[in-house]
Amino acid sequence: MEIKRVGVIGAGQMGNGIAHVFALAGYEVLLNDVSKTALEAAPGIIGGNLDRQVARGRITEEERDRALGQIEIAPEIATIGAADLVIEAATEREELKHKIFASLAPHLAEHTILTSNTSSISITRLASQTDRPERFMGLHFMNPVPVMQLVELIRGIATDEPTYKTMAAVVTKLGKTYSSAEDFPAFIVNRILVPMINEAVYTLYEGVGTVSSIDTSMKLGANHPMGPLELGDFIGLDTCLAIMNVLHEGLADTKYRPCPLLVKYVEAGWLGRKTQRGFYDYRSGTPVPTR
Ligand SMILES: CC(=O)CC(=O)SCCNC(=O)CCNC(=O)[C@H](O)C(C)(C)COP(=O)(O)OP(=O)(O)OC[C@H]1O[C@@H](n2cnc3c(N)ncnc32)[C@H](O)[C@@H]1OP(=O)(O)O
Ligand SMILES: NC(=O)C1=CN([C@@H]2O[C@H](COP(=O)(O)OP(=O)(O)OC[C@H]3O[C@@H](n4cnc5c(N)ncnc54)[C@H](OP(=O)(O)O)[C@@H]3O)[C@@H](O)[C@H]2O)C=CC1
């Protein structure tokens, strides 16, 4: 099936990045969010990230302008009904995602493929409450989307082969590489990565190291591009906690217990970069450890 128009729901860090890469690859993009502020900010954020690629010689100014012209801001969910492919990239809460798909249902064309960029939630469960579980799957981009090469493809129990093949072709057209993951909590990347971040928070909580010593150790001792606490702030501590909760509940194993300190940061609203404070305080421009 040919995909020309793509609807992206959620204009946060992932939705903006997803709109960016689809527009660059020549797709028409409709970008929706409940937050007026997020929608107003989106073209500036995407434009800034495209400018960065121009400055590094990765794309031309013409390509940047063409990409920006491909993105239409769509405050009404009904507008997303015109898409051949929908990518849901709203906040990591299952109830919320069910509500989004329910509100979208009356506006959808028969052929439209539905996907979720969820980091952890069961694709089969999300699909089961839509009218098209066979044309529903997980399309999991990595952050920052314009930079990261991988997209995880996750079939729900009912996903049909044409849908999987269509999405594999789309990922290839974006210039990215896909891996196939089975539909179990947090799939592959986050099953391994997020418990590591949670363990780093335990390491801090138990006083084994400070924020700086933990991040320096993993950057210089294991060659990670970011330390685990810096990475947690980058992903969003609310998202990390949501993923740990899905792992803990879905696999019923205490090894996935979210660290109480992670819970405390989220309760404080210290969600990382997006709120200017997490394991680091970003308000002065230079990140300052908060512990
Ligand atoms: C939670 C989930 O569900 C799944 C996930 O996503 S888990 C998170 C996965 N992501 C990671 O692990 C990221 C780890 N961090 C990194 O790889 C690196 O720190 C990083 C790529 C983010 C930044 O790298 P850096 O070397 O410190 O920064 P910088 O030199 O400024 O940027 C590197 C490149 O990325 C580009 N870049 C960075 N952010 C960008 C953005 N938002 N948009 C476009 N380009 C961007 C830069 O332009 C630069 O491009 P070139 O290589 O063409 O020059
Ligand atoms: N952060 C990461 O590294 C990664 C995240 N993901 C997944 O991508 C999804 C989005 O994450 P991320 O972009 O980081 O989150 P953000 O918090 O940056 O953005 C989420 C956006 O969704 C909006 N939103 C909330 N409810 C609705 C709704 N009903 N309709 C439309 N938009 C809505 C939020 O608005 P408001 O703020 O007003 O609530 C916000 O603008 C999550 O499922 C997450 O797990 C996947 C890969 C990596």
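Since this is a predicted model, take the numbers as computed values, not measurements.

Novice: Is there a simple way to explain the packing of helix H10 (residues 237-251) against helix H11 (residues 260-267) in this structure?
Specialist: Geometrically, a packed helix pair is captured by the angle between its two axes and the distance between the axes. It is at 9 Å that the axes of H10 and H11 come closest, and there the two elements cross at 135 degrees. The angle between H10 and H11 places the two elements in the oblique class. In the crossing of H10 with H11, the sense of the turn from one axis to the other is left-handed. Contact residues: H10 offers Leu 237, Asp 238, Cys 240 and Leu 241, while H11 offers Leu 262, Val 263, Tyr 265 and Val 266. Each residue belonging to the contact of H10 with H11 can be placed in one class, and the counts come to seven nonpolar, no polar and one charged.

Novice: Looking at this model, I keep getting lost on the site of ligand 1. Mind explaining?
Specialist: Among the 18 residues in the neighbourhood of ligand 1, the closest are listed as Arg 58, Ser 119, His 140, Asn 143 and Asn 190. Contacts to ligand 1 include Arg 56, whose side-chain N or O atom sits 3.0 Å from an oxygen atom. His 140 is positioned with one of its side-chain polar atoms (N or O) 2.7 Å from an oxygen atom of ligand 1. For ligand 1, whose free accessible area comes to 1,100 Å², the fraction covered by protein is 72%. For the shell around ligand 1, the secondary structure elements donating two or more residues are helix H2 (36-55), helix H7 (189-205) and helix H9 (228-235).

Novice: Help me understand the confidence of the model for the protein, please; the structure alone is not making it clear to me.
Specialist: Detailed reading of the predicted coordinates is not advisable wherever pLDDT is low. A residue-level look at the protein finds 100% of positions with pLDDT of 70 or above and a mean pLDDT of 98. The ipTM for the predicted assembly is 0.95, set against a pTM of 0.97.

Novice: Even after reading the chapter, I still don't get the sheet that holds strand S4 (residues 85-88), so can you show me in this structure?
Specialist: Working definition: the strands of a sheet are paired by backbone hydrogen bonds and lie parallel or antiparallel to each other. The strand order across the open sheet formed by eight strands is S3-S2-S1-S4-S5-S6-S7-S8, and the pairing between neighbours is mixed. On the outer flanks of this sheet lie strand S3 (71-73) and strand S8 (177-181), each paired with one strand and no other. Each adjacent strand pair in this sheet contributes to an overall mean axis angle of 25 degrees, direction not counted. Two strands pair when backbone bridges link them, and strand S1 (residues 5-9) and strand S2 (residues 28-32) are joined in this way by five bridges, in the parallel orientation. By the bridge assignment, Val 6 is partnered in S2 with Val 29. On top of the sheet, helix H4 (residues 94-104) reaches S1, S4, strand S5 (113-116) and strand S6 (136-141); it is set at about 165 degrees to S5, its chief contact.

Novice: Can you walk me through the pairing of S4 in this structure?
Specialist: On a regular strand, each side chain points to the face opposite its neighbour's, so the side chains alternate between the two faces of the sheet. Side chains Leu 85 and Ile 87 of S4 all project onto a buried face; the interleaved residues Val 86 and Glu 88 project onto the opposite face, where all are buried too. Note that S1 and S4 share four bridges and pair parallel. The residue bridging Gly 7 from the neighbouring strand is Val 86, located in S4. Pairing of S4 with S5 involves four bridges; the strand directions are parallel. Across the sheet, the residue bridging to Val 86 is Leu 114, located in S5.

Novice: Where do I start with the environment of Asp 183 in this structure?
Specialist: Note on placement: Asp 183 falls in the loop between S8 and H7. Setting aside its immediate chain neighbours within four residues, Asp 183 contacts Ile 121, Ser 122, Ile 123, Thr 124, Ile 154, Arg 155 and Gly 156. A polar side-chain atom of Asp 183 sits 3.0 Å from the main-chain amide nitrogen of Ile 123. At a separation of 2.7 Å, a polar atom in the side chain of Asp 183 contacts the side chain of Thr 124.

Novice: I keep staring at the site of ligand 2 and nothing clicks. Help me out?
Specialist: In the region of ligand 2, 26 residues are neighbours, and Asp 33, Glu 92, Lys 97, Ser 119 and Ile 235 sit closest. Here an oxygen atom of ligand 2 sits 2.9 Å away from a polar atom, N or O, in the main chain of Met 14. Interatomic distance of 2.8 Å between a backbone N/O atom of Ile 235 and a nitrogen atom of ligand 2. Alone, ligand 2 offers 900 Å² of accessible surface; in the complex the protein occludes 82% of this. At three residues, the largest contribution of residues to the shell around ligand 2 is made by H4. In terms of residue class, the shell around ligand 2 is built from ten nonpolar, twelve polar and four charged. For the shell around ligand 2, the two domains that each supply at least three residues are domain 1 (5-182) and domain 2 (189-289).

Novice: Looking at this structure, I do not really get the packing of H2 against helix H3 (residues 61-69). What am I missing?
Specialist: Direction vectors running N to C along H2 and H3 enclose 160 degrees, while the axes themselves pass 10 Å from each other. The angle between the axes of H2 and H3 places the two elements in the roughly antiparallel class. Here H2 runs over H3; the crossing is right-handed. Two secondary-structure elements touch here, H2 through Pro 43, Ile 46, Gly 47, Leu 50, Asp 51 and Val 54 and H3 through Glu 61, Arg 64, Ala 67 and Leu 68. Residues belonging to the contact of H2 with H3 are distributed by class as follows: six nonpolar, one polar and three charged.

Rules of the game
Residues numbered from 1 in each chain as written. Chains lettered and ligands numbered in written order. Predicted model: local features only at pLDDT ≥ 70, side-chain atom pairs only at ≥ 80, totals over all residues. Heavy atoms only, no water. Axes fitted to C-alpha atoms, helices over the stretch in contact; angles between N-to-C directions. Helix = DSSP H or I, 4+ residues; strand = E, 2+ residues; numbered from the N terminus. Parallel < 35°, antiparallel > 145°, perpendicular 65-115°, else oblique. Left-handed = near helix turned anticlockwise from the far one by under 90°. Contact = heavy atoms within 4.5 Å. Nonpolar A, V, L, I, M, F, W, Y, C, P; charged D, E, K, R; others polar. Near = heavy atom within 4 Å. Polar contact = N/O pair within 3.5 Å; in protein donor to acceptor, adjacent residues only side chain to side chain. Areas by Shrake-Rupley, 256 points an atom, 1.4 Å probe, with all protein chains shown as cover. pLDDT = per-residue confidence, 0-100. Pairing = 2+ DSSP bridges. Buried < 20%, exposed > 50% of the residue type's maximum accessible area, 1.4 Å probe, protein only. Domains from an automatic or database assignment.

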